[in-house]
Each structure stands twice: as C-alpha cells, then as structure tokens.
Amino acid sequence: MSDALLDIRGLTAGYGDVPVLTDIALTVGAGEIVALVGSNGAGKTTLLRAVSRIIKASGSLRFLGEDVLPLTPEALFARGLVQVPEGRQLFGRMTVAENLMMGAYRRRDRAGIDASLAQTFDLFPVLAERRAQTAGSLSGGEQQMCAIGRALMAAPKLLMIDEMSLGLAPIVVDRLLDVLVAIRGQGVPILMVEQDVFAALAVADRGYVLEHGRIVKAATAETLKSDPALQKAYLGSDS
Amino acid sequence: MLLVQILVNGVLLGGLYGLMALGMALVWGVLNIVNLAHGAFIMLGGYLVFFLFTAGLDPLVSLPIAMAVLFLFGYVIQRSLLNLIVRSALLNTLLFTFGLDVVLTYLAQLLFSADFRTINPSYAGANFSVGAVTVPVGRLIAFAIAVALALLLYLLLERTRLGRAIRATAQNLDAARLYGVNPAQIYAITFGIGAALAGAAGTLYGIVAQITPYIGVTLTPKSFVIAIIGGLDNPLRIVAGGIVIGVAEAVTSLYLGPTYTDVVSFGLLVLILVLRPAQSLKIA
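What counts and what doesn't
- Residues numbered from 1 in each chain as written.
- Chains lettered and ligands numbered in written order.
- Predicted model: local features only at pLDDT ≥ 70, side-chain atom pairs only at ≥ 80, totals over all residues.
- Heavy atoms only, no water.
- Pairing = 2+ DSSP bridges.
- Helix = DSSP H or I, 4+ residues; strand = E, 2+ residues; numbered from the N terminus.
- Axes fitted to C-alpha atoms, helices over the stretch in contact; angles between N-to-C directions.
- Contact = heavy atoms within 4.5 Å.
- Parallel < 35°, antiparallel > 145°, perpendicular 65-115°, else oblique.
- Left-handed = near helix turned anticlockwise from the far one by under 90°.
- Nonpolar A, V, L, I, M, F, W, Y, C, P; charged D, E, K, R; others polar.
- Buried < 20%, exposed > 50% of the residue type's maximum accessible area, 1.4 Å probe, protein only.
- Polar contact = N/O pair within 3.5 Å; in protein donor to acceptor, adjacent residues only side chain to side chain.
- Salt bridge = Lys/Arg side-chain N within 4 Å of Asp/Glu carboxyl O.
- Domains from an automatic or database assignment.
- Buried area = accessible area lost by both parts, 1.4 Å probe.

1. Things to note about the sheet that holds strand β9 (residues 206–211) of chain A
Residue and element names in this part refer to chain A. Spatially, β6-β7-β8-β3-β9-β10 is the arrangement adopted by the six strands of the open sheet, whose pairing is mixed. Of all the strands in the sheet, the pair left with one neighbour each is β6 (81–84) and β10 (214–220). For this sheet, the mean angle separating the axes of adjacent strands, direction not counted, is 20°. Strand direction decides the pairing type here: strand β3 (residues 33–37) and strand β8 (residues 190–194), joined by five bridges, are parallel. By the bridge assignment, A35 is partnered in β8 with M192.

2. Observations regarding the environment of A154 of chain A
Residue and element names in this part refer to chain A. Among the secondary structure elements, A154 is positioned in the loop between α6 (140–152) and β7 (158–162). Each C-alpha atom of the pair A154 and M102 lies 8.5 Å from the other, and the pair is 52 residues apart in sequence. With sequence-adjacent residues up to four places away left out, A154 is seen in contact with F77, V82, G103 and R107.

3. A few points about the packing of helix α9 (residues 216–230) of chain B against helix α10 (residues 235–255) of chain B
Working note: a packed helix pair is described by the angle between its axes plus the distance between those axes. Residue and element names in this part refer to chain B. Two elements in contact, α9 and α10, have axes separated by 8 Å at closest approach and are oriented at 120°. Judged by the inter-axis angle, α9 sits oblique to α10. Of the two possible hands of crossing, α9 and α10 adopt the one that is right-handed. Contacts between α9 and α10 involve K222, V225, I226, I229 and G230 on the former and, on the latter, R237, I238, G241, G242, I245 and E249. Considered class by class, the residues forming the contact of α9 with α10 number five nonpolar, three polar and three charged.

4. Remarks on the side chain of T97 of chain B
Residues and elements named next belong to chain B. Relative to the assigned elements, T97 resides in helix α4 (residues 90–112). The exposure class assigned to T97 is buried, which follows from its relative accessible area of 0%. A polar contact is formed between the side chain of T97 and the backbone oxygen of V34, at a distance of 3.5 Å. In contact with T97, not counting residues within four places along its chain, are I33, V34, N35, L36 and A37.

5. Quick look at the pattern of salt bridges
Counted according to the given criterion, the structure contains 14 salt bridges over all chains. With a closest N to O distance of 3.6 Å, E163 of chain A and K44 of chain A form a salt bridge. With E163 of chain A in the loop between β7 and α7 (170–185) and K44 of chain A in helix α1 (residues 44–51), this residue pair connects regions lying 119 residues apart in the sequence. The salt bridge partner of R167 of chain B is E98 of chain A, with a shortest N-O separation of 2.7 Å.

6. What about the domain arrangement of chain A?
Residue and element names in this part refer to chain A. By the assigned domains, chain A splits into domain 1 (1–80 + 156–239) and domain 2 (85–155). Between the C-alpha centres of domain 1 and domain 2 there is a distance of 23 Å. If you look at the interface, domain 1 gives 18 residues, while domain 2 gives 17 residues. Interface area for domain 1 against domain 2, summed over the two sides, is near 1500 Å², with a carbon-plus-sulfur share of 69%. Inspection of the domain 1/domain 2 interface yields zero salt bridges. Summed over the shared surface of domain 1 and domain 2, the number is three residue pairs in polar contact (both at pLDDT 80 or more). Those elements giving two or more residues to the side of domain 1 that touches domain 2 turn out to be β7 and α7. It is α7 that provides the largest number of residues to the side of domain 1 that touches domain 2, a total of seven residues. Looking at side-chain class alone, the side of domain 1 that touches domain 2 contains twelve nonpolar, two polar and four charged residues.

Take a look at the structure:
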C-alpha cells in the first residue's frame, strides 16, 4: 500500500470494446507536480476521462486510499479530484467572479469560499481586476487563469489540468507554469496532461510518457528532459 | 387623445404579454425546449384561479397558489418525462409538448366545458381617469404584477446561487456538470419556474379577458413571437418585447381593425428577423 494520493495500477480503459489504454501505472504523491506527456492521440485525454470515471475502466484506481473505480464523476469530484478541462470551458457570458463562484457551487462553507477567492485573486491578480468582465472577453491566457481559478475554488485535493498550454503564447505558458508551482506550494498536487512536453517537464517533479496507450517511460523530470530519445521525438533535433 | 388611450391600453396589455412569454423564453433559453404546451399551462393557471374565485378567494391571493401548483406540475413533468428526451433532437421535445398541449386542452374541455369564464373581482371592471385617459384597474394590476415578476426572475437569475447554476447550465452544460451541477435537477426547477410564470399569466389573463380551454392556441404563438423579439436571456427585455407587441396590436386594431392584429405581430417578427437577425437570435 503506497501513500500516494492518486494510485493507478494495471488500468485498462477505452471506448466500447476497443481498449485505448493498456496496463497503465501512475501515481501522484502529496506535494508533487506530475506531467503526463505524449503526442496527439497517445491516449492522454482518455486517461483523464478514465480517472475521472467518465468512461469504463478496469484495474486498480485509488484516490486518497479509497478504491474509486466504482464511483461516479460527481462522487469523485466531491472527494476533491478537480479538473481543469481542455479548452477551458468557461461560462463565456458570465462574469469572471461568477465563473469562479461556479467552482465553489458544491461548497457551503462561506468563510472557506471567501478564503479560496482571496487565494485565487492572490495567485491571479488580473482576475481580481477583471472580476466584473465577462469571461468570454478575456484573452486566452486570462481565460486559462480563470479556468484554473475556478478549479481552485472547488478546494481540490488533486488538480488535473488538461492541455493547459494549448493555443497560448510561450510567455503566457511560462507565467502559468510559475502559478502551478505556487499552487503546489499551497499544498495542492497537480497532474498535468500536456502535449508541450518540455514546458510540462520544466516544472514537473516526475513525468510519464504515453505512447499508443501505454506508459513507455516513467522517470524524474530531470532524467526525462535529458533523454535523447525524447528530445529527438518531441524537439525534432539531435541536440 | 384616442391614440394616447390606445397606447396606454397597449402598454398595460403588453406587460401581461411579456409575462406570458417569460416562462417560455426561460425554458427555451436554458433547456432548448420550445414548450408548445406553454399556452395550455397559462390556461390551467386561469382555470385554477377561476375555480378558487368561485369558491370565494380573491385572484390576487390565489396567484401564488397557482404559481406553486404549476411549479410542481412543471417540475414533475420535466423530471419524470421531458428529462428523458431533453438531449435528443429538438423535434422530439416539440412532439412531446405538442402532445401535452392537445391532452391538456381537451381534458380541460371535458372537465371544465367550453364555456367562457372570467375572473371578475370588483376591481376588474373599475377604472380611473388621468386627464382624458381612462386607466382600467384590472389591466394596471396585471401590468404591475407582470413587471414585478420579471424583476424577481431577473434577480433570481443574476443574484442567487440557483440562478448562477441555471445560467451556467444553459451556457456550458459539460462545465456545469464538471463542477457539481446536477442538470436533471436544474432542468426540472427551470421548467417548473416556467410553468409557475404561466400560472401567474393565466391568473391575470382571467382578470382582463376570458378563459376557454382553447386560449393556448393563440397564447403559445404570441409567447413565441415575444420570446424571439425580446431575446431569451433577459427577463426585462422580454417584458419590453411584450409591450412592443401590445402597443402594435392596440394601434393595429384602432387603424386597421382587430382582424389584423396577428398579421401585424407576426409581420413584426419577420421584420425583426430580417433586419436584426443576429441581435434577436443571440440564444444561450
């Protein structure tokens, strides 16, 4: 029995009878940022969907020590597994403040919600400035901040971020990566799913490389960053 | 002076029209269901308050009762039946609500007969004068309640946790679900609120006009037109849309004759769709 927050072993999942993922093993421990990287179609999003119990899966899936394989997505969310979905999925015609409050929809602790809001504005001062603007009027980077802020409002015990860097300028991605480190500093571990391998590995403690539905490499971020095969595959150079 | 009188009548009636459209627009905007039984819901509210009136209850006292009963009715229909097909093609919900409309209309005919009924409290026929203009008290009350309910709905949607969840569900179902909103529950509550507003509209309609089992036949399309003119997301704009139609009908019946009122209100709809399609169809 490991003391990992999220503990996946021998997980197989897919759509219908076609398994997309085979024999996945992955853990996220307290205070960790873990990167799940891989190219388009490797099965990254499928893995997130399996973990959040949207699609069928078999094997072992434990969250906070509990077998969560039989749970519904709602029940898993209630236990603190919170997702920042791909493409941000904001409520475009609602204000930034309202979007953030939707993250706290299931919470009733007034003081805790206020504290989370203060914390979120602390991490993203620009959201405080734009709190009365509609989310749809924000820039792409600000929208991603709003999406992460909304997830933080749910008081996550583990944050899963799907393709955070998609469509964002490198300088914006760098800022967001800094924020992820700050979020981990506040005690929230992160599982990030990324196509941008080296952006993810820049802040991650450990990484997993997914290819054709299998984990082909699992190592510390340092090791993966200097892995020649990975550099060749994702940077297209031999340097 | 006649024109001023006609305008006053049109505005007052238009407020009630707006209230009729409010429930339909809410349900349409959030659930993407065009409720063809909306007029029948209005009819049910009217009958309920009529019978309570004959039992001695003032319609303004029965109004909240009608709203509560219709809320429950709407909630149960959505929760038990409509939720099964809410995510399927629009045609399915159209068929379902059309069928519901037919059933309710002919049940009403069987149970209540086809007689014209009027809710006729002492103030319904009263009026007072402002200069040369006569203000009918019944219509004034209907107008005031319609505006008040539109304001209440606006506050509910904009200022409460429930309202936020309703708007979030309308704008991005997947994200709402991701953060713990239960769409089945939100849909049922929304449909219930839509029905409750129909119940209120039926009450007021019974005070200013006559109730028959068939009033839905004209009130459903009227609500539909106003919902499109007013847009689906702002209750106050919908009441404004109702007033536009009310005034247009009043002026039409003065200058062209009452037969042409529907021609003008649907003509107005076509005109608005042609001239400003983007603005009027900015749907959820």
